[in-house]
Structures are given as C-alpha cells and as structure tokens.
Amino acid sequence: MEQEQQKDLGLKITGAPSLEELHGSACYQLPSEDRRALAAVIECIEGIPCNPCQTACPQGAIVVGDEITNLPVVDLDKCNGCGICVAACPGLAIYLKKHTFKGNLAYIAFPYEYLPLPSEGQTIQMVDRFGSIICDGTVLRVVKIKKNDRTAVVHATYPNEFYEQVVNMQRLLTS
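Counting restarts for each chain: residues are numbered from 1 in the order of the written sequence. Local features in this predicted model are restricted to residues of pLDDT 70 or higher, and side-chain atom pairs are both shown and tallied only at a pLDDT of 80 or more, whereas totals for entire chains, interfaces and linings draw on every residue. For side-chain calculations, the full set of non-hydrogen atoms in the structure is used, while hydrogens and water are omitted.

*Asks:* How should the side chain of His155 be read in this particular structure?
*Replies:* Positionally, His155 belongs in strand E8 (residues 152-159). Here the term buried applies to any residue with accessible area under 20% of the maximum for its type, exposed to any over 50%, and partly exposed to those in between, with areas from a 1.4 Å probe on protein chains only. We classify His155 as buried; its relative accessible area is 6%. Identification of polar contacts relies on pairs of N or O atoms within 3.5 Å, with a donor-acceptor requirement for protein atoms, meaning one able to donate a hydrogen and the other able to accept it, and with residues adjacent in sequence counted only if both atoms are side-chain atoms. A polar side-chain atom of His155 sits 2.7 Å from a polar atom in the side chain of Tyr107. Any two residues whose heavy atoms approach within 4.5 Å are treated as being in contact. With sequence-adjacent residues up to four places away left out, His155 is seen in contact with Tyr107, Ile108, Ala109, Thr138, Val139, Leu140, Arg141 and Val143. A run of DSSP states H or I qualifies as a helix once it reaches four residues; a run of E qualifies as a strand once it reaches two. Both are numbered from the N-terminal end.

*Asks:* How should I be thinking about the pairing of strand E7 (residues 133-143) in this particular structure?
*Replies:* Within a regular strand, side chains alternate between the sheet's two faces. Strand pairing requires that DSSP identify at least two bridges connecting the strands. The pairing of strand E6 (residues 123-127) with E7 spans 5 bridges and is classified as antiparallel. Residue Thr123 lies in a different strand from E7, and its bridge partner there is Thr138. Linking E6 to E7, which pair antiparallel, is a turn of 5 residues; within it Gly131 sits at a positive phi near 85°. In terms of strand pairing, E7 meets E8 through 5 bridges, oriented antiparallel. Following the sheet pairing, Val139 is matched in E8 by Ala156.

*Asks:* Whenever I open this one, the layout of surface pockets confuses me. Can you help?
*Replies:* Left-over empty space is what a probe sized like a water molecule reveals as it rolls over the atoms. Computed from the structure, the largest pocket encloses a volume of approximately 760 Å³. The set of elements that each furnish at least two residues to the lining of the largest pocket consists of helix H4 (52-56), strand E4 (94-102), strand E5 (105-112) and strand E9 (168-169). Three classes are used, and their members are as follows: Ala, Val, Leu, Ile, Met, Phe, Trp, Tyr, Cys and Pro are nonpolar, Asp, Glu, Lys and Arg are charged, and the others, Gly among them, are polar. When the residues that make up the lining of the largest pocket are grouped by side-chain class, the tally is 26 nonpolar, 6 polar and 6 charged. Whether a set of points on the 1 Å grid over the protein atoms alone is a cavity depends on a 1.4 Å probe fitting there but being unable to get out, while an open set qualifies as a pocket with protein on both sides within 12 Å along at least five of seven lines; lining residues are those with an atom within 4 Å of a point. Grid points are joined across faces, edges and corners, and a volume is the space filled by probe spheres set on the points.

*Asks:* Sorry, what's going on with empty space enclosed by the protein here?
*Replies:* Applying the stated criterion across every chain, the model contains 1 cavity of 30 Å³ or more. Taken as a whole, the largest cavity encloses approximately 70 Å³ of empty space. What lines the largest cavity is a set of 14 residues, among which Cys57, Cys79, Cys82, Gly83 and Cys85 lie closest to the centre. Split by residue class, the lining of the largest cavity holds 10 nonpolar, 4 polar and no charged.

*Asks:* Would you explain the pattern of salt bridges in this entry?
*Replies:* For side chains bearing opposite charge, pairing can occur when the charged atoms are close. The salt bridge criterion pairs a side-chain nitrogen of Lys or Arg with a carboxyl oxygen of Asp or Glu, the two atoms within 4 Å. Counted under the stated rule, the structure contains 2 salt bridges. Among the ionic pairs, Glu43 bridges to Arg129, the shortest N-O distance being 2.7 Å. Residue Glu43 is found in the loop between strand E1 (39-42) and H4, and its partner Arg129 is found in the loop between E6 and E7; the two are separated by 86 residues along the sequence. Taken individually, Glu43 and Arg129 each receive the classification buried, so the pair is uniform in this respect. Asp149 serves as the salt-bridge partner of Arg150, at 3.9 Å between the closest nitrogen and oxygen. With respect to class, Arg150 is no different from Asp149; both count as exposed.

*Asks:* Looking at this structure, how should I read unusual backbone geometry?
*Replies:* If a residue is not glycine, its phi is most likely negative; likewise, a peptide bond is most likely trans. The step from Leu115 to Pro116 runs through a cis peptide bond, and the omega angle for that step is 0°. Here Pro116 lies in the loop between E5 and E6. Positive phi outside glycine occurs at Leu92, with the angle close to 55°. Checked against the element boundaries, Leu92 lands in the loop between helix H5 (84-88) and E4. Overall, Leu92 belongs to the partly exposed group, its relative accessible area being 37%. Positioned with a positive phi, Asp149 is a non-glycine residue whose angle comes to about 50°.

What follows is the structure, encoded as structure tokens:
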C-alpha cells in the first residue's frame, strides 16, 4: 500500500493519527502562526484513562476533567510553554511548537527515548507522524533531567513551511 494511502487510514490501522483525525479532535490545537511563545500541542485522540499531563502542568493549562477518559484540552491562554507535560505524557503524545522562531524557522520540543541522543548543533532529519522524513532540522539543545524519568526532550528548529507536519526526528543510528 502506498504511504499516502496509509496515512489516510488513521490511528487504528497505522498506529498514528491522520491529520483528518486530529483536526476532528477537540484536543488538537495547533498554536497560531503569530503566537509569541511556545505552546503545548496534544495529539491524544484515544479516550483512555490517563491524566499525567493535567497533573504535571503547573499553570493548570491542561484539563482532562473528572472523567479520566476525557481527552486533554490545552488552554493556550494559560500555557506558557514550560514543557513539563512533554516528558510527563506516557504516550509521547505532547510536544511544544512555535511557528516563527527566527526568520523562516519553526521551533519544536519533543520527547525522545532512543540512544544515541542527538547533540547541540547537529543536523537531524525531521519526520511526520508516520516516520517519513520531511526536512532537515537543527538541534538547539537536549534536556535530560532526572524528573523526566529518562525521557529526553529535544529542542530543534526546522523550516516553518512544514510547521504542522513535523512532530519528531528520525532515530539516529548507533555507531
């Protein structure tokens, strides 16, 4: 099956949500292009019992609510882009984004649980939800703190023409 056709099949078939599924979900909110700060983007479209993102957010910007199977929703007015929710999500379904970081570069911070880790200044291959390479990116920093329980958060830039498509990086090969 061609990759484009596969992308249209969605989460239940491919393991990753399609853009159509995301756009139909109340929890998916891509920060506007003119937003000045980073903001959390949640791609959790399954009603499973989970709320670490809500618990982790010091701003109270993420709400699951009383029913633990509700989808999380980000209040972008409260979100300050601190990123605590990124590593707290057991499903690796949260990242931070900013459309215009510098010039024509977008900014993303995403969870990364593979070794080797990328290094600051390294050129990496940015990928979409299905692991397809979209463009080159540059690592700004890699945050590894004990509180994140071994989930590194990679901060990178990439061309903002791919703002919505990019969600992660291609796994690096071990040497």
